[in-house]
Amino acid sequence: MGAPSVEWGTPRGRAVVAAATLGSGMTWLDGSAVNVALRTIGEDLDASLAQLQWINNGYLLMLASLILLGGSLGDRFGRRRVFVVGTVVFAGASVLCGLAPNAEVLVVARILQGVGGALLTPGSLAMIQGSFRPRDRAKAIGAWSGLGGVAGAVGPFVGGLLVDQASWRWIFLINLPLAVLTVVIAVRWVPETRDPHAPTTFDYTGAVLASLALGGTTYALIEWGGAGAPWAAAAGVLAAVAFVALERRETAPMVPPALFRDRTFSASNAMTFLVYAALGAVLFFLVIQLQTVSGYGALQAGLATLPITVCMLLLAARGGELGTRLGPRIPMTAGPLVMAVGTLLVMGVDADVSYWVDVLPGLTVFGLGLALMVAPLTATVLAAAPDDNAGIASGINNAVARAGSLIAVAALPVALGLGGDAYADPVAFDAAYGDAMLACAALLALGGLVSWFTIPRRLPG
């Protein structure tokens, strides 16, 4: 498809970043906004607790299960093309979510949203990697990371605002104009890129096994204690073993094993899993703690997370530039450690919370660490993979991030004895909240240590 030629700071460069950010931002926005709306959705649709869990987790389950397939399809058939298709599917499913007459339809629509998100998410980053000149990629990825991170962090605020001032349905319906704008920009401005060495055959068996491995494992965690959970877990483990064995023998594997022979690529993904597991769990537990224990409304709980948004918006691109100057090891070590300190600072959130003392300082420190770490991490993952594999490399890293968050959110409540109506019980939830924050801080500290001992001081090239 020709050498990457898009330059940073040009109209086309800004358009590529805009399309990629709008597309991936929709997925992050929905993923975080729904949390603050779940109670209202349950009351409006007369949904059970299990249905509310699936409204949230059905989306994440499909996203984690299929995102590798999305990256592989983009490398083969064109990253822009698959990105646009995913955006259209996501928009259509969002409309169905917004019009859902009952909980069952909403669960199905959220699952369809996950399918669209799995197609567009890896393509958003792969378009940047495949389009920009090598010397401009760090800045472009930093801008994408910062703006995309804002979408995820601002989600609780947007969700709370829409729930309190309009309707929870607008959390989904707002995606339609955003998707139209995304598709127009992508078709008009984003160059098509793909792997010129992509095989003529496709690894369908690998795609199915990867989906079963991720889907079975996450389903088992979500339904922990249920009759089907052991069977789902066994199916997930068996599928994972079969997937690894198949990919080693496959002439055109969906996930090239050679990628994981690179120590930097493997270490970056291990660190991603730890950090994003903690990130997802911190936001999940904190938003519920503020509403269930501290008595915050949906909008108040959303506004409480605003410091993370501000830090990402103002500093994520700078974090990318810092990583370019210093190398990735320092920001990828310091970022998670700073986030761990911020997590410990919000342990004091309780029924007598003071926002200015118990919430603001901790979330500001947490946001600073996140902004320092995100862009260097993304750049390191992509730099460790050949350009021809940018789509699948991005898909792997996104799958690891989403799976880490999903697994933590599903597993931590089980580990802490939370279940059933305990999510709405102030006494029970408050008793588990402190331990949850300690566990998240430990995950973040471990992520920093992994970076220090495994990530190189400088990236090649």
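Residues numbered from 1 in each chain as written. Predicted model: local features only at pLDDT ≥ 70, side-chain atom pairs only at ≥ 80, totals over all residues. Heavy atoms only, no water.

Asks: Explain the side chain of S124 here, please?
Replies: Counting through the fold element by element, S124 comes out in helix α4 (residues 103-131). Looking at S124, its side chain comes within polar contact range of the main-chain oxygen of T121, at 2.6 Å. Those residues within four positions of S124 in sequence are excluded, and the remaining contacts are A20, S24, F83 and W144. (Helix = DSSP H or I, 4+ residues; strand = E, 2+ residues; numbered from the N terminus. Polar contact = N/O pair within 3.5 Å; in protein donor to acceptor, adjacent residues only side chain to side chain. Contact = heavy atoms within 4.5 Å.)

Asks: Help me out: how do you make sense of the packing of aromatic side chains in this one?
Replies: Each aromatic ring pair is summarised here by two numbers: the centre-to-centre distance and the angle between the ring planes. On inspection of all chains with the given rule, the structure shows seven aromatic pairs. Pairing Y355 with W356 gives two aromatic rings, centres 5.4 Å apart and planes at 85°, and the pair type is edge-to-face. Its relative accessible area of 18% is what places Y355 among the buried residues. Given the relative accessible area of 64%, W356 is considered exposed. Through pairs of rings, three or more aromatic residues link up here, namely F284, F285 and F429. (Phe/Tyr/Trp six-rings, centres within 6.5 Å; stacked < 30°, edge-to-face > 60°. Buried < 20%, exposed > 50% of the residue type's maximum accessible area, 1.4 Å probe, protein only.)

Asks: I'm lost on helix α13 (residues 306-326) in this one. Help?
Replies: Every α-helix winds through 3.6 residues per turn, so residues three or four apart in the chain are directed the same way. In a regular helix each residue adds 1.5 Å, so 21 residues correspond to 30 Å; α13 covers 29 Å between its end C-alpha atoms and thus fits that length. L315 marks where α13 bends most, by close to 50°. Along α13, the residues that are buried comprise P307, I308, T309, C311, M312, A316, G319, G320 and G323. (Expected span 1.5 Å × (residues − 1). Bend = angle between axes of the 7 residues up to and from the residue.)

Asks: Even after reading the chapter, I still don't get the packing of helix α14 (residues 329-345) against helix α17 (residues 426-454), so can you show me in this structure?
Replies: Packed helix pairs are characterised by how far apart their axes lie and by the angle those axes make with each other. Viewed as axis vectors pointing N to C, α14 and α17 meet at an angle of 170°, and their least axial separation amounts to 8 Å. Viewed along their axes, α14 and α17 adopt a mutual orientation that is roughly antiparallel. The handedness of the crossing between α14 and α17 is left-handed. Contact with α14, carried on its side by R329, M332, T333, P336, L337, M339, A340, T343 and L344, involves M437, L438, C440, A441, L444, A445, G447, G448, S451 and W452 of α17 and no other residues of that element. Among the residues making up the contact of α14 with α17, the classes are represented as 13 nonpolar, five polar and one charged. (Axes fitted to C-alpha atoms, helices over the stretch in contact; angles between N-to-C directions. Parallel < 35°, antiparallel > 145°, perpendicular 65-115°, else oblique. Left-handed = near helix turned anticlockwise from the far one by under 90°. Nonpolar A, V, L, I, M, F, W, Y, C, P; charged D, E, K, R; others polar.)

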